[in-house]
Each structure stands twice: as structure tokens, then as C-alpha cells.
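# Remarks on the overall topology
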Amino acid sequence: MQQTSFLAFQSVANEIDAPVLLSRVGLRKTATMIALLQCLARQSAPVTHRYLAEELSLTGHEPSTVFRCLRRFEEKGLVARLDLGEHLDRYELADGILGEETGTHPHFLCTVCGDVFCLREQTSRFLRKSPAELHPKIGEVSRIVLKGRCKNCCRVANNGKR
């Protein structure tokens, strides 16, 4: 699927002109779609449908409608759906929506608390290489996930040791 550049839709840091973006990709400008895009723009890491549905239910949006909107956004290239190995879909705005043309970026998943962190800025030089430069048998890299314990979980674990 060809990645469309959405740089023109960035207005203020972590805000997007949702109605213009929806029109550009051929989607209707419904209240749920606008609210969902704005909610995703405020997130610093991928979030679950459950989280988004809870956030948007405060303003009267139905969880099933939020789910359908997420699927349509994915089809149009507005969001990326991630399964970081825990069989739980998480969603984030596709790269380029907020202006950061980083391409595929890695994520860190804490195996204790489940927190997820985007590692856009920390993308190392090897990610910019072609797959063949990484290893001759690699044809394509689609997702990189680092797993371990976050600082908070390490601190908690170390406090319990004597």
C-alpha cells in the first residue's frame, strides 16, 4: 500500500485538521471520526480500542462505532494497527500524519505492566539500511518490537530484593 504524505494536515503540535484530512482520503466528516482522529493525535504511544472507546464514550460515542472507524482509518492509511505479540491490537496515527516522516519505527513493550513506548527518535542506523544489508535472508522488515521491563517495573522488582 502506498503511503500518502499527510504533512499538510498538521496544524499545532499533536493536533490535526481532522475534517480536511477525512475529506482528502474520501471519508465522511462524522463527529466520531473527527473525535477519534483528535484523540489519536494526543497519544504518545499506541493505544487499544478499549482505551479509545472509554475516552470517546465520555462524549457520547459508541464503542462499536469507534471500532468501525478504526478499521476504515486503517484501510485509508490513517492509522497503523499493531499487535506487539500480546494478541491485543493497538492503534496509532500512521507515520507522517503529525509531520514526522520516520517510516516504520520500533516500539518497546514492558512485559510486566504492558506499557508501550514509541522509539521514533531512538531509531538506530541499522533501521535505515535496506533489509539485505541487515541480513542476506531478510526480504522485508515490517515491525520491530523490543520487549523487556520499563524503569518503573525494574525499580519495583529491585525494591523487593534484599
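Residues numbered from 1 in each chain as written. Predicted model: local features only at pLDDT ≥ 70, side-chain atom pairs only at ≥ 80, totals over all residues. Heavy atoms only, no water.

### Some details on helix α3 (residues 49–57)
Those residues of α3 that sit buried are L52, A53 and L56. Projected down its long axis, α3 carries its buried residues within an arc of 100°, all on one side. At its buried positions, α3 is contacted by α2 (31–41), β1 (47–48), α4 (63–76) and β3 (89–93). (Buried < 20%, exposed > 50% of the residue type's maximum accessible area, 1.4 Å probe, protein only. Helix = DSSP H or I, 4+ residues; strand = E, 2+ residues; numbered from the N terminus. Arc of directions from axis to C-beta. Contact = heavy atoms within 4.5 Å.)

### Section: α2
α2 sits mainly inside the fold: nine of its 11 residues count as buried. Taken together, the buried positions of α2 are T32, M33, I34, A35, L36, L37, C39, L40 and A41. Buried residues along α2 sit against α1 (18–24), β1, α3, α4, β2 (79–83) and β3.

### Considerations on the environment of K29
You can see K29 is positioned in the loop between α1 and α2. Put simply, K29 and P19 are 10 residues apart on the chain and 5.6 Å apart in space, counted from C-alpha to C-alpha. Setting aside residues no more than four positions away along its own chain, K29 makes contact with P19, L22, S23 and I34. In this structure the side chain of K29 is engaged in a polar contact, spanning 3.5 Å, whose partner is the side chain of S23. (Polar contact = N/O pair within 3.5 Å; in protein donor to acceptor, adjacent residues only side chain to side chain.)

### Side note on the confidence of the model for the protein
With 77% of its residues at a pLDDT of 70 or more, the protein shows a mean pLDDT of 80. Contacts of residues 1–13 to residues separated by more than four positions or lying in other chains number 30 contacts, the stretch itself having pLDDT below 50. (pLDDT = per-residue confidence, 0-100.)

### A few points about the packing of α2 against α4
The contact between α2 and α4 brings their axes to 10 Å, and the two run at 70°. Overall, the two elements α2 and α4 adopt an arrangement that is roughly perpendicular. Judged by residue contacts, T32, M33, L36, L37 and L40 of α2 engage T65, V66, C69, L70, R72 and F73 from α4. The residue makeup of the contact of α2 with α4, split by class, is eight nonpolar, two polar and one charged. (Axes fitted to C-alpha atoms, helices over the stretch in contact; angles between N-to-C directions. Parallel < 35°, antiparallel > 145°, perpendicular 65-115°, else oblique. Nonpolar A, V, L, I, M, F, W, Y, C, P; charged D, E, K, R; others polar.)

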